[in-house]
Amino acid sequence: MVLSTLHTNDAAGAIPRLEDLGIEPYLIGAGLLCIIAQRLVRKLCSNCKAPKETTLEELEAMGISKQLLERYPNFTLYDAVGCEHCRGSGYKGREAIVEILEVDEEIESLIAKQASMQEILKKARENGMVSIKEDGYMKVLQGMTTMEEINRVVY
């Protein structure tokens, strides 16, 4: 097994990057098990984070889907306040947000046919892939970080 890194904005971006390196599409699909994209976000300081009143309408306007809100019905959002434990930043430590594009037979076939990234992403989403931004939203709804932090890190 070979693990490697590429600099891309998301997991699907690795496919055209590999093509740019001169690898034939049929070899890309056949050679991949999965592609993982990750970023680190700052975690809220557990000593000073403060609950924040937020409505479902506000969260939906920020881009959080109804399905995600249904998955985390008892959410509490927090503000980063700052204290001596976090040196006044409101954050202490880091947490990974990730997306995993599993390359199954269908995805492999799409890559070999040089399907568009939209087609590949559509199939991956049908297969259950969670985007890096959605994973970030889950961390917000779990009280681990803030929307501001997700928006800062995920463009």
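First, a word on scope: everything that follows refers to the structure included in this document. (Residues numbered from 1 in each chain as written. Predicted model: local features only at pLDDT ≥ 70, side-chain atom pairs only at ≥ 80, totals over all residues. Heavy atoms only, no water.)

### So, the overall build of the protein chain
Helix and strand content of the protein chain: eight helices and four strands. N-terminal to C-terminal, the α/β element order of the protein chain is α-α-β-β-α-α-β-β-α-α-α-α. With respect to the principal axes defined by its C-alpha atoms, the protein chain has extents near 55 × 30 × 25 Å. Looking at the protein chain as a whole, 37% of its 155 residues are labelled buried. The long-range share in the protein chain, meaning contacts at least 24 apart out of those at least 6 apart in sequence, stands at 72%. Of the charged side chains in the protein chain, 18 are positive and 24 negative; the average position of the first set lies 7 Å away from that of the second. (Helix = DSSP H or I, 4+ residues; strand = E, 2+ residues; numbered from the N terminus. Buried < 20%, exposed > 50% of the residue type's maximum accessible area, 1.4 Å probe, protein only. Contact = heavy atoms within 4.5 Å. Lys, Arg positive; Asp, Glu negative; His and termini not counted. Charge placed at Lys NZ, Arg CZ, Asp CG, Glu CD.)

### Observations regarding the nonpolar core
Ile-64, Leu-101, Ile-120 and Leu-141 are the most contacted members of the largest nonpolar core, which totals 36 residues. Within the residue set of this core, elements represented by two or more residues are helix 1 (14-20), strand 1 (34-44), helix 4 (66-71), strand 4 (91-102), helix 5 (105-112), helix 6 (117-126), helix 7 (132-141) and helix 8 (147-153). With five residues, helix 7 is the largest single contributor of residues to this core. Ignoring sequence-local partners within four residues, the contact set of Leu-141 consists of Leu-59, Ile-64, Leu-68, Leu-69, Tyr-72, Phe-75, Thr-76 and Leu-77. (Core = buried A, V, L, I, M, F, W, Y, C linked by side-chain atoms within 4.5 Å.)

### Quick word on the environment of Ala-50
One can find Ala-50 in strand 2 (residues 50-52). Judged by relative accessible area, Ala-50 falls into the partly exposed class, the value being 24%. Separated by 78 residues in the primary sequence, Ala-50 and Gly-128 have C-alpha atoms spaced 33 Å apart.

### Here's the deal with the pattern of salt bridges
In the structure shown here, the tally under the stated rule is eight salt bridges. Residue Glu-149 pairs with Arg-42 through a salt bridge whose shortest N-O separation is 2.8 Å. Residue Glu-149 is located in helix 8, and its partner Arg-42 is located in strand 1; the two are separated by 107 residues in the primary sequence. Taking the relative accessible area as the measure of exposure, Glu-149 reaches 1% and is therefore buried. Put simply, Asp-79 and Lys-52 hold a salt bridge, and the shortest N to O gap is 3.6 Å. Of the two residues, Asp-79 is situated in strand 3 (residues 77-79) and Lys-52 in strand 2; the sequence distance between them amounts to 27 residues. (Salt bridge = Lys/Arg side-chain N within 4 Å of Asp/Glu carboxyl O.)

### Some words on unusual backbone geometry
Located in the positive-phi region is Arg-87, a residue other than glycine, with phi close to 60 degrees. Along the chain, Arg-87 turns up in the loop between strand 3 and strand 4. The exposed category is assigned to Arg-87, whose relative accessible area is 81%. Positive phi outside glycine occurs at Gln-114, with the angle close to 55 degrees. Among the secondary structure elements, Gln-114 is positioned in the loop between helix 5 and helix 6.

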